[in-house]
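Now for the letters of each chain:
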Amino acid sequence: MTNPLIENIKTIPPVTRFFTISTVLACLGVTTFSAFPSLYINLNALFSDYTIVRAVFRHGSYFDIFKAVATGILGWYRFVTSFLIPPGIMSTNRINALFDAYFFYTFSNHLEAHEGKFKGNFPDYLWFIILCGSCIQVFNLALEAITGNYSPATYFPHENLLACLTYVWSRSLKNARINLLGLVPIKAYYLPLGNLIVKLILGGPVSLIDTLVGIISGYLYLCVQSNTMPIYNLLPGAYGTPKKRRNDEGRRVGMTHIDNPAHFGGFQADYIEDSIYDKGYLKAPQWLYNLLSYPTNTSVRATAFSPAPGRATAPSSFSTNHQREASPTGSTTGYSWFGGNTAFKGKGHRLGD
């Protein structure tokens, strides 16, 4: 007889499942065994490791040198485990850690799942996490070096990566209706801005910086994905793409507004189109596919200037859901984990077209 809990866990996409289970175990380790120092990395820890290795090189034997170097290299696992510790676990009100872990699971699941941005493609989503996670760690170490603040737990990569996932999710489902904090109805497009305001109010400048680091990392990933230049692709008309007037959709045949967008093919006056850096799709490198023994023809690399030529052909042993299609990220499935399941397909046709 199968266990329903185990079966439900098996349905979670692999990368999201790893982070969810590992985060729960890491939180238990921090609260039960005070394992935080052995899981977290910052400049202070790196300087400490460097000092030890340098001292051993000067006065130690060959065995001591080998031991110190091996220990230092193995200690780099903390660059990964740092992402497993929600900031709330270090506070007196640890319920915040539970919320952070749940939000992380939710956004990650809907990005990695078959209906999400990565269409259930394991290597591509893992590559996304590797790139954004590396960018986050570099930003955090640079911030610590600039500010001179080497105290433990200054910045939390878990919160950075959560902000990154939230940003990328909001770019892929711009027109989904959500309720910020369960109270304020907004479009997913404005969720990162709402998070910045909430973090500043509740967590102060440090939480604001944590969220900004995640958003910037996600934005840089989209720049690589679309093969566009950061900053420049934010300018109106960048790369020869004219800025469209938002209200043009509702001004055909004398219309001034649309009361029910669903009656007109899903169009509405404030429909948000894709920006140039939202386009394209970043495929994982060949070596990662080989390492994971995953078929390489399950996705297609595309940029803002060379869209995917169509559907990739997946092997018969794999579901067709693994195939990557070129679709506009401005469209949505109507999903909203905040509530308000109003779908904005964005694929209807105007009268006269």
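All figures in this text were calculated on a predicted structure; none of them were measured in a lab. (Residues numbered from 1 in each chain as written. Predicted model: local features only at pLDDT ≥ 70, side-chain atom pairs only at ≥ 80, totals over all residues. Heavy atoms only, no water.)

**Re the pattern of salt bridges**
Inference 1: Scanning the model with the defined rule gives five salt bridges in all.
Inference 2: Asp278 is the salt-bridge partner of Arg171, the closest N and O atoms lying 2.6 Å from each other. Taken as a pair, Arg171 in helix 9 (residues 157-172) and Asp278 in the loop between helix 10 (191-226) and helix 11 (286-292) lie far apart in primary sequence, 107 residues in all.
Inference 3: Ionic pairing is found between Asp278 and Lys174, a salt bridge with its closest N-O pair at 3.0 Å. With Asp278 in the loop between helix 10 and helix 11 and Lys174 in the loop between helix 9 and strand 1 (177-180), this residue pair connects regions lying 104 residues apart in the sequence. The residues Asp278 and Lys174 share a single accessibility class, namely buried.
Inference 4: Bridged by salt links that share partners, the residues Arg171, Lys174, Asp274 and Asp278 form one connected network. (Salt bridge = Lys/Arg side-chain N within 4 Å of Asp/Glu carboxyl O. Helix = DSSP H or I, 4+ residues; strand = E, 2+ residues; numbered from the N terminus. Buried < 20%, exposed > 50% of the residue type's maximum accessible area, 1.4 Å probe, protein only.)

**Overview of the nonpolar core**
A general trend in soluble globular proteins is that nonpolar side chains are found buried together.
Inference 1: Grouped together as the largest cluster of nonpolar side chains are 56 residues, with contacts concentrated most on Phe128 and Leu161.
Inference 2: Elements that contribute at least two residues to this core include exactly helix 2 (14-33), helix 3 (36-39), helix 7 (95-112), helix 8 (122-147), helix 9, strand 1, helix 10 and helix 11.
Inference 3: Ranked by residue count, the leading element in this core is helix 10, at nine residues.
Inference 4: Sequence-distant contacts of Phe128, defined by excluding residues within four places in its chain, comprise Leu111, Phe118, Cys164, Leu165, Val168 and Tyr221.
Inference 5: Ile41, Leu43, Leu46 and Phe79 belong to the second-largest nonpolar core, a separate cluster that totals six residues. (Core = buried A, V, L, I, M, F, W, Y, C linked by side-chain atoms within 4.5 Å. Contact = heavy atoms within 4.5 Å.)

**Let's talk about the UniProt feature "transmembrane region" (unreviewed entry) in the chain**
Inference 1: Mapped onto this numbering, the UniProt entry gives "transmembrane region" (unreviewed entry) at residues 18-41, 62-80, 125-143 and 196-222.
Inference 2: Note that residues 62-80 is 84% helix and 0% strand, and that its end C-alpha atoms are spaced 29 Å apart. (UniProt positions renumbered as here; feature names shortened; annotations may be inferred.)

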